[in-house]
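Architecture at a glance
Below are the chains, spelled out letter by letter.
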Amino acid sequence: MENRFRILFLTAIAAVTMLSSGCSSLPFFGKAPDTEVAEAPEQVIEPEVERREIKKPKIDTEDFEIGAYGGLMSVEDFGVNTVVGATLAYHFSESLFVEAAYGQTDTEETSFELLSGAAELLTDDERQFRYYNASVGWNIFPGETFVTRNRSFNQSFYLIGGLGSTEFGGDDLFTINFGAGYRLLINDVFAMRIDFRDHVFDTDLLGEAKTAHNLAAHLGFTFFF
Amino acid sequence: MIVRLWTIGITILLAACMSNAHAREYRVVEVADPYLELHTGAAKGYPITNVVERGEKVEIIRRKTEWFKVRTERGDEGWVNISQLELTLDEAGELLEIESVGRDEFLTRRWEAGILTGDFSGADTVSLYGGYSISRNLSVELWASQLLGNFSTGWIGTANVVHETWPEWRVSPYFTMGTGVIRTEPKSTLVSTPDRTDQVALVGAGVRAYITRRFVLRGEYKSYVVLTSRDENEEVEEWKIGFGFFF
């Protein structure tokens, strides 16, 4: 069908060319059919010169992890209290990540203050224990936790350690922290974390210089983005 | 405080659910190697529970560090390592090019930030910095350091000019000079002496080493002159080490 149309069309064009070139000057006559016929099919079958546009959607990268936590913190000599904090981490490989954290807790009166009934050692503001730190974490023992027969969550343990500063008792103290934790991935973007950390600093708050260990245990939820 | 944290948490949760809710388009690649291994999680330790054969197509859903979550034509999902995914063919039939940050990006970086720690004349110091590269050799940096000493604590804030002589070296030395202020606060357990704020001037030298991806290791030494209101100026030495990342 298409062929028949093409023949018909070409014949028509050839006829028109013959007629029109007949009216034109002689030297053109010999050349005309060639060029005109060669051009004709181009008009009939339009070649697809337009390149197909290839869409390349961006791949979503989730190397940052932001979260909040709450738990208990024992501040040496000043009791055990609720601690809350926030973290921001960057994972630069499957096993290594860096994390910045800020947390704070209230502290209680020391046993001495309570028993002696003497004047308080610290003001209310000095009693607030605030810390920030930067740490490096190392994921170890990746695995799966089977919650039911058909449901499992990915998880891994991590070791973490770093340094920072603690504001307590009217002073800023250079603080080293280290500990370990457990990260359970609820799905690809949410995780639950259980973290045990020791915050160590040198203090002379109670008159004698000593190294204080402040242990914290907290539960947190994080979001990868 | 706890209530506020929970509110923030729930907001993040909702935002995340919403961002997951609307359908999005993913990149589709064709397996060109004999097969593609799918792990159950984004690390080498997770087991391989599925393979995709040559010629089959997979959608790339997301990336976590060096791992990519993919979905097969049958609907199975799993994590593929970058080394295998780089051998797949993209929509145009060419080897998939994965955006990665390397030394080229390091050499053409504009912004850099990081954290360092060390010793400031006997006091521990924690420093944060942010820098902007004017050219490959020259950059400007702002530093904020917290000083945590046995007798006093304090802050230093400085503005610096940094010259890197051979930026193309993997471990590259640099020279710096700057000025700023130092604030010293004697410890509360000591007899009270007034807090002081003085001007400082500094010169220093250090090395910057490119590690991987967006990370650099930095170590430096700085010599400060504290312009005190007393007759004599104080000279203080500082060294520190830490890491930075560029973007």
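Residues numbered from 1 in each chain as written. Chains lettered and ligands numbered in written order. Predicted model: local features only at pLDDT ≥ 70, side-chain atom pairs only at ≥ 80, totals over all residues.

All names here are of chain A. Spatially, 8 strands are ordered β2-β3-β4-β5-β6-β7-β8-β9 in a closed barrel, and the strand pairing comes out antiparallel. Taking each pair of neighbouring strands and ignoring which way they run, the sheet shows an average axis angle of 25°. Across 14 bridges, the pairing between strand β8 (residues 190-203) and strand β9 (residues 210-224) is antiparallel. Of the residues in β9, the one forming a bridge with Asp 195 is His 218. (Pairing = 2+ DSSP bridges. Helix = DSSP H or I, 4+ residues; strand = E, 2+ residues; numbered from the N terminus. Axes fitted to C-alpha atoms, helices over the stretch in contact; angles between N-to-C directions.)

Another point: the nonpolar core. Residues Leu173(A), Leu147(B), Leu148(B) and Val200(B) are the most contacted members of the largest nonpolar core, which totals 21 residues. Contributions of two or more residues to this core are made by β5 (129-146) and β7 (171-185) of chain A together with β9 (138-148), β12 (196-212) and β13 (215-227) of chain B. Each residue touching Leu173(A), except ones within four places of it in the same chain, is listed here: Ser165(A), Thr166(A), Phe168(A), Phe201(A), Thr203(A) and Leu148(B). Core analysis: the second largest hydrophobic core is formed by 16 residues, Val29(B), Leu36(B), Tyr46(B) and Val70(B) among them. (Core = buried A, V, L, I, M, F, W, Y, C linked by C-beta atoms within 7 Å. Buried ≥ 20, exposed ≤ 12 C-beta atoms within 10 Å, placed from the backbone. Contact = placed C-beta atoms within 7 Å.)

Attention now goes to the confidence of the model for chain B. All names here are of chain B. Here chain B averages 85 in pLDDT, while 88% of its residues score no lower than 70. The lowest-confidence element of chain B is helix α1 (residues 2-21), averaging 58 in pLDDT; the highest-confidence one is β9, averaging 93. Our summary of model confidence lists the complex with pTM equal to 0.74 and ipTM equal to 0.75. (pLDDT = per-residue confidence, 0-100.)

On to the interface of chain A and chain B. When the parts come together, some accessible area is lost, and that loss is often what is quoted as the size of the interface. At the junction of the two partners, chain A supplies 33 residues and chain B supplies 39 residues. With 2 bridges connecting them, strand β1 (residues 60-61) of chain A and strand β4 (residues 57-64) of chain B associate as parallel partners. In the strand pairing of β4(B), Asp60(A) is matched with Arg62(B).

All names here are of chain A. Of the residues in chain A, 76% reach a pLDDT of 70 or more, and the chain-wide mean stands at 81. Per-residue pLDDT, averaged within each element of chain A, yields its smallest value for helix α2 (residues 26-44) (51) and its largest for strand β2 (residues 64-74) (94). Predicted confidence is poor over residues 19-33, with pLDDT under 50, and the contacts of this stretch with residues over four places away or in other chains come to 6 contacts.

So, on to the sheet that holds strand β14 (residues 234-246) of chain B. Residues and elements named next belong to chain B. The sheet built from 8 strands closes into a barrel, its strands ordered β7-β8-β9-β10-β11-β12-β13-β14 with antiparallel pairing. Between one strand and the next, the sheet's axes are offset by a mean angle of 25°, whatever the strand orientation. Where strand β7 (residues 111-120) lies against β14, 9 bridges are found, and the strand directions are antiparallel. The residue bridging Leu 116 from the neighbouring strand is Gly 242, located in β14.

Turning to the environment of Ala216(A), a few remarks are in order. All names here are of chain A. Structurally, Ala 216 can be placed in strand β9. Assessed through the 23 C-beta atoms surrounding it within 10 Å, Ala 216 is described here as buried. Setting aside anything within four residues of it in sequence, one finds Ala 216 in contact with Gly 71, Leu 72, Met 73, Val 83, Arg 197 and His 199.

What follows deals with the pairing of strand β4 (residues 96-105) of chain A. Residues and elements named next belong to chain A. Burial along β4 is one-sided: the residues Phe 97, Glu 99, Ala 101, Gly 103 and Thr 105 are buried and none of Leu 96, Val 98, Ala 100, Tyr 102 and Gln 104 is. Sheet topology note: the strand β3 (residues 80-91)/β4 ladder contains 9 bridges and is antiparallel. Across the sheet, the residue bridging to Val 84 is Gln 104, located in β4. Hairpin connection of β3 to β4: 4 residues between the antiparallel strands. Pairing of β4 with β5 involves 10 bridges; the strand directions are antiparallel. Bridge pairing in β5 links Glu 99 to Ser 135.

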